[in-house]
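Structural description and commentary
Residue strings, one per chain:
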Amino acid sequence: MRKLFLVFISTCLISTSSCDDGDIITVELDFEQTFFVCEGVSGLVFYKTKDAPSESLSLQVANLTLNTVLDVKEEDNFIREQNIDLSTTNAFTYRTYSNETLPKQGLFCNDVPLSDIVITDDVESTDGTAVLRTELIKDDNDGVPAELEDIDGNGDLTNDDTDGDGVPNYLDEDDDGDNILTKDENPDPNEDGNLDDAQNSDDDDIADYLDSDDDNDNVLTRDEENNTQDQNPKNDETNSDVGPDYLNPDVATTVAATKYREHKIYNTYQVSLTVSNVDLKLISLDVFDFGLLDDSEIPNDKKSTVVETVFK
């Protein structure tokens, strides 16, 4: 939870009657670390809500789309950072509500406001700045941490490409190009980050996930599709008692593969927001970490990239 403690100090009006030293009221804004986004008529609204009591924080940014926020460039190391000056069109807002609970969606960006939502306090800051930062992390989700896919040990992951398909191992679901996914070749059976116990079916010096001939029968694993040529040697069995032909050294029939199976690279977007020097009447924030954009807000078509690979 993202907790923010705010102190309100009440003062008395000048009069002939005496007054006390004022009441100190501490308000705790106890929000989750994640935030959400919706697209309005003039731009985006980044927001977070909470119940008991019902409150919201939001930042409206004009002339901005989610596609722009997620548009990171390789030449920028897949990082995008945008500075936003708060103004009447880019306002930071704190609201309280009489409702016991708030809806997770529809509170912002609706053309017609929700009729059952009652705002009791609406405080806006048009002074201050915000920083919107997007970082794209690419991975192959193959069960091998990226730092362990530096085969030559030079610290550069981009030049480790075991199968020569143009996709470096740390982004390649099938490191050895045998049409068996790396994660299905048990590179880290006990998931302890130590690959010394990686599966090695033929007991040679190469673990299966880096071995193009897993049973050492001199037929490439990808060429052992004797039943169905679907880029998946796992479902080709001449002897069901032994298992797939690519792990059966007694079956050495060659059926030449024509292509690699489809490759996917998985994309994780980390969108963070920080606001600074915000003035909400009696609430002043020097620096406030708004959190990270909830993953559910990232469109599914952004979460992976299909890579075409061909034999060389």
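As shown above, the structure is provided for reference.
Figured I'd write up the structure that's included with this text. Predicted model only: the values in this text are computed from it and were never measured.

1. Description of the overall build of the chain
Looking only at helices and strands, the chain features 1 helix and 12 strands. Along its sequence from the N terminus, the chain presents helices and strands in the succession β-β-β-β-β-α-β-β-β-β-β-β-β. Principal-axis analysis of the C-alpha atoms gives the chain an extent of 105 × 40 × 40 Å. Taking all 312 residues of the chain together, 40% fall into the buried category. By sequence separation, contacts in the chain at least 24 residues apart represent 62% of the contacts at least 6 residues apart.

2. Notes on unusual backbone geometry
In this chain, Ala52 is followed by Pro53 through a cis amide linkage whose omega measures 0 degrees. By secondary structure assignment, the location of Pro53 is in the loop between β4 (43-50) and β5 (55-62). Unlike most non-glycine residues, Asn77 shows phi in positive territory, near 60 degrees. Relative to the assigned elements, Asn77 resides in the loop between α1 (66-69) and β6 (79-85). For Asn77, a relative accessible area of 61% translates into the label exposed. If you check the backbone angles, Gln231 has positive phi at about 60 degrees while not being a glycine. Tracing the backbone through its elements, the reader meets Gln231 in the loop between β9 (129-139) and β10 (263-280).

3. Observations concerning the packing of aromatic side chains
On inspection of all chains with the given rule, the structure shows 6 aromatic pairs. Here the aromatic rings of Phe35 and Phe290 are separated by 5.2 Å at their centres, their planes lie at 55 degrees, and the arrangement is tilted. Of this pair, Phe35 sits in strand β3 (residues 34-39) while Phe290 sits in strand β11 (residues 283-293), placing them 255 residues apart in sequence. Across the pair, Phe290 and Phe35 agree in class, each one buried. These aromatic residues form a ring-pair network of at least three members: Phe35, Phe46, Phe92, Phe288 and Phe290. Positioned over the ring face of Phe290 is Lys48, at 5.0 Å from the centre of the ring.

4. Here's the deal with the environment of Thr68
Its place among the elements puts Thr68 in helix α1. The partly exposed category is assigned to Thr68, whose relative accessible area is 34%.

5. Description of the state of the cysteines
Going through the model one piece at a time under the given rule, you end up with 1 disulfide. The disulfide partner of Cys38 is Cys109, and the gap between their sulfur atoms is 2.0 Å. Between Cys38 and Cys109 the sulfur-sulfur dihedral comes to about 75 degrees; the bridge is accordingly right-handed. With Cys38 in strand β3 and Cys109 in the loop between β7 (92-97) and β8 (119-125), this residue pair connects regions lying 71 residues apart in the sequence. According to the relative accessible area criterion, Cys38 is buried, its value standing at 15%.

6. A look at the environment of Leu280
Tracing the chain through its elements places Leu280 in strand β10. Here Leu280 falls in the buried class, since its relative accessible area comes to 3%. Once the C-alpha coordinates of Leu280 and Asp122 are considered, the two residues, 158 residues apart in sequence, prove to be 9.6 Å apart. If sequence neighbours within four positions are ignored, Leu280 has contacts with Phe92, Tyr94, Val123, Glu124 and Ser125.

7. What about the side chain of Ser58?
Inspection of the secondary structure puts Ser58 in strand β5. In this structure Ser58 touches Val45, Phe46, Tyr47, Ala91, Phe92, Thr93, Phe108 and Phe290, once residues within four positions along its chain are discounted.

8. Remarks on the pattern of salt bridges
Note that side chains of opposite charge can pair when their charged atoms are close. Under the definition given, this model contains 7 salt bridges. Two residues, Arg95 and Asp122, come together in a salt bridge whose shortest N-O distance is 3.3 Å. With Arg95 in strand β7 and Asp122 in strand β8, this pair connects stretches of sequence that are 27 residues apart. Connected through salt bridges with shared partners, the residues Glu81, Arg133 and Glu135 form a single ionic network.

9. What about the environment of Ala256?
Its location among the elements puts Ala256 in the loop between β9 and β10. Residues Ala256 and Leu148, spaced 108 residues apart in sequence, show a C-alpha to C-alpha distance of 31 Å.

10. Some thoughts on the side chain of Asn169
Relative to the helices and strands, Asn169 is located in the loop between β9 and β10. Judged by relative accessible area, which is 0%, Asn169 ranks as buried.

11. A few points about the nonpolar core
Within soluble globular proteins, side chains that are nonpolar tend to cluster in buried spots. Core analysis: the biggest nonpolar cluster contains 33 residues, and Phe46, Val69, Phe92, Leu132, Leu273 and Phe290 have the highest contact counts within it. Going through the elements one at a time, β3, β4, β5, α1, β7, β9, β10 and β11 are the ones with two or more residues in this core. Per element, the largest residue contribution to this core is 6 residues, and it comes from β10. If we skip the residues at most four places from it in the chain, Leu273 touches Phe35, Phe46, Leu59, Ala130, Val131, Leu132, Phe288, Asp289, Phe290 and Gly291.

Conventions adopted
Residues numbered from 1 in each chain as written. Predicted model: local features only at pLDDT ≥ 70, side-chain atom pairs only at ≥ 80, totals over all residues. Heavy atoms only, no water. Helix = DSSP H or I, 4+ residues; strand = E, 2+ residues; numbered from the N terminus. Buried < 20%, exposed > 50% of the residue type's maximum accessible area, 1.4 Å probe, protein only. Contact = heavy atoms within 4.5 Å. Phe/Tyr/Trp six-rings, centres within 6.5 Å; stacked < 30°, edge-to-face > 60°. Lys NZ or Arg CZ within 6 Å of the ring centre and 35° of its normal. Disulfide = S-S within 2.5 Å. Salt bridge = Lys/Arg side-chain N within 4 Å of Asp/Glu carboxyl O. Core = buried A, V, L, I, M, F, W, Y, C linked by side-chain atoms within 4.5 Å.

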